[in-house]
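Observations on the three-dimensional arrangement
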Amino acid sequence: MTKCGYVSVLGRPNAGKSSLLNWLVGDKIAMVSHKANATRKRSNIIVMHNDDQIVFVDTPGLHENEKLLNQFMLDEALKAMGDCDLILFLAPVTDKLTHYESFLQKNKKNVKHVLLLTKIDNVSNDEVLSKMQEYEVYADRYEAAIPVSIKKATKHADILDTVVDLLPEHPYLFDPEIMTTEHLRDIFKEFIRESIFDNISDEIPYETDVIINKVDEKEDIDVIKATIVVQKGTQKGMIIGKGAAAIKRIGKDARLKIEKLTGRKAYLELFVSVKKGWTKNKQGLKELGYDVD
Ligand SMILES: Nc1nc2c(ncn2[C@@H]2O[C@H](COP(=O)(O)OP(=O)(O)O)[C@@H](O)[C@H]2O)c(=O)[nH]1
Ligand SMILES: [Mg+2]
């Protein structure tokens, strides 16, 4: 019998959740940003380990922020928390224990979890050890604590062996050939959003979303049309930039990521439209796929 189950990846915004999953699957699927709160929805990333299947669920961060869109994002993370076989809780090694302690409180169903101390390449070995000791107060709560860095010294097996041990015996939930249950167009959308986070400063990326209007798979090229939605007229100007320089950069960055994933040529055409105050009311959010109750 194989092992298989859902593993929700949780932690504060910017803890390294999406990066870890891209690294584990060996391909870039999830969007990553140095800015917090980039991931908005749950997405499944499937990793085969020997003959077992792990369905990781990437989530938005656990945070306390009053904005409506952030409420949607927190809700996504909390749903993932209650509804899985195992949790990976990621805490950057330099963090105080407060995020972890608040997670313990939120984990009402007491779902088993593994603690990962992330970004250990940022500190010395001594600092890693002393942080591990601090967490030992909670040793009866976690199944294992593993220091990790996707930049150096960690092997996939260090994490995957531990995860698989804790999963139930179960037939595969998905075709072992696939890496994600996301539709390609949703991944394209995330790549464009990531390029906006990379190229546009301040609050604008947080008030921006992307709609994929059309993906036309021609024989030798994918033709993609997408609309960047902002919430104010002034933001439209910022996205386009002087002589359309900004939107050209966004388009080029996103196109390269798309081509890398699909292995095919892509032509990406971007439009910008203003949807006044869409992040500030439930209707606007709903129209973009973020249902807030
Ligand atoms: N130094 C270092 N940086 C990392 C590591 N993992 C992720 N990061 C960086 O942390 C930032 C946030 O990563 P992301 O995966 O988007 O975090 P998320 O919000 O938890 O999904 C990005 O700038 C990553 O490049 C790591 O192991 N070492
Ligand atoms: Mg993320």
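Think of each chain on its own: its residues are numbered from 1, step by step along the sequence as written. Chains and ligands are labelled sequentially in the order written, the chains with letters from A and the ligands with numbers from 1. For a predicted model such as this one, the threshold for reporting local features is a pLDDT of at least 70, and the threshold for listing and counting side-chain atom pairs is 80 or more; totals across whole chains, interfaces and linings nevertheless cover every residue. The side-chain values count all of the structure's non-hydrogen atoms but skip hydrogen atoms and water molecules.

1. Overview of the domain arrangement of the protein chain
Under the convention used in this document: Those domain boundaries reflect an automatic or database domain assignment. Residue contacts follow a heavy-atom distance rule, with two residues in contact if any of their heavy atoms lie within 4.5 Å. Accessible area that two parts lose when put together, evaluated with a 1.4 Å probe and summed over both, is termed the buried area. In what follows, salt bridge is the name for a side-chain nitrogen of Lys or Arg lying within 4 Å of a carboxyl oxygen of Asp or Glu. Two N or O atoms count as a polar contact when they lie within 3.5 Å, although within protein this holds only if one can serve as hydrogen donor and the other as acceptor, and sequence-adjacent residues are included solely when both atoms are side-chain atoms. Any residue that is not Ala, Val, Leu, Ile, Met, Phe, Trp, Tyr, Cys, Pro, Asp, Glu, Lys or Arg is counted as polar, Gly included; the first ten are nonpolar and the last four charged.
Domain annotation for the protein chain reports domain 1 (4-165) and domain 2 (184-287). Computed over C-alpha atoms only, the centres of domain 1 and domain 2 are separated by 27 Å. With 17 residues of domain 1 at the contact, the number on the domain 2 side is 24 residues. Buried area between domain 1 and domain 2, both sides added, is near 1,500 Å², and the carbon and sulfur share of it is 54%. Here domain 1 is connected to domain 2 by 3 salt bridges. Put simply, E194 and K28 hold a salt bridge, and the shortest N to O gap is 2.9 Å. There are 11 residue pairs in polar contact (both at pLDDT 80 or more) connecting domain 1 and domain 2. Grouping the constituent residues of the side of domain 1 that touches domain 2 by class yields 8 nonpolar, 4 polar and 5 charged.

2. Some thoughts on the coordination of the magnesium ion (ligand 2)
Quick reminder of the rule: Only N, O and S atoms count as donors, using a 2.8 Å cut-off from the metal and 3.2 Å for Na, K and Ca, and because water is excluded some sites may appear unfinished. Helix and strand assignments come from DSSP, with helices taken as H or I runs of at least 4 residues and strands as E runs of at least 2, each series counted from the N terminus. A 1.4 Å probe rolled over the protein chains alone gives each residue an accessible area, and that area as a share of the maximum for its type sets the label: buried under 20%, exposed over 50%, partly exposed in between.
Looking at the metal site, the magnesium ion (ligand 2) is ligated by S18 (OG) and T39 (OG1), spaced 2.2 Å from it. Taken as a pair, S18 in helix α1 (residues 17-25) and T39 in the loop between α1 and β2 (43-49) lie far apart in primary sequence, 21 residues in all. A single burial state applies to S18 and to T39, both of which are buried.

3. What about the packing of helix α7 (residues 233-240) against helix α8 (residues 245-262)?
Quick reminder of the rule: Every axis in this analysis is a line fitted to C-alpha atoms, fitted for helices over the stretch in contact. Angles between the N-to-C directions lie between 0 and 180 degrees. Should an angle fall under 35 degrees it is taken as roughly parallel, and over 145 as roughly antiparallel, whereas 65 to 115 is taken as roughly perpendicular and any remaining angle as oblique.
In contact at an axis separation of 4 Å, α7 and α8 are set at 65° when each is read in the N-to-C sense. Between α7 and α8, the crossing angle belongs to the class labelled roughly perpendicular. Taking contact as the criterion, the partners of M238, I239 and I240 in α7 are, on α8, A245, A246, I247 and I250. Its residues assigned to classes, the contact of α7 with α8 comprises 7 nonpolar, no polar and no charged.

4. Digging into the layout of surface pockets
Put simply, the rule reads: Grid points spaced at 1 Å and placed over the protein atoms alone form the basis of the search, with a cavity being a set where a 1.4 Å probe fits but cannot get out and a pocket an open set showing protein on both sides within 12 Å along at least five of seven lines. Lining residues have an atom within 4 Å of a point. Grid points are joined across faces, edges and corners, and a volume is the space filled by probe spheres set on the points.
Estimated volume of the largest pocket: approximately 480 Å³. As for the largest pocket, its lining consists of 28 residues, and the residues nearest its centre are N14, A15, G16, S19 and K119. If you tally residues by element for the lining of the largest pocket, the top one is α1, at 4 residues. Tallied by class, the residues present in the lining of the largest pocket amount to 10 nonpolar, 13 polar and 5 charged. Counted as a void, the second largest pocket has a volume near 360 Å³. Along the walls of the second largest pocket sit 21 residues, with K41, E182, D186, K189 and E190 positioned nearest its centre. Listed by contribution, the elements that provide at least two residues to the lining of the second largest pocket are α6 (184-199) and β7 (209-217). Of all the elements, α6 adds the most residues to the lining of the second largest pocket, at 6 residues. Of the residues in the lining of the second largest pocket, the class split is 8 nonpolar, 3 polar and 10 charged.

5. Description of the sheet that holds strand β4 (residues 86-92)
Counted only if it meets this: DSSP-based pairing: two strands are paired if at least 2 bridges between them are found.
Across the sheet, which stays open at both edges, the 6 strands sit in the order β2-β3-β1-β4-β5-β6 with mixed pairing between neighbours. In this open sheet, the two edge strands, each paired with only one partner strand, are β2 and β6 (144-147). Across this sheet, the average inter-strand angle for adjacent strands is 25°, counted without regard to direction. Pairing geometry for strand β1 (residues 4-11) and strand β3 (residues 52-58), over 6 bridges, is parallel. Opposite V7, over in β3, you have F56 as the bridge partner. Sitting on the sheet, helix α4 (residues 125-135) touches β4, β5 (113-118) and β6, and the angle it makes with β5 is about 150°.

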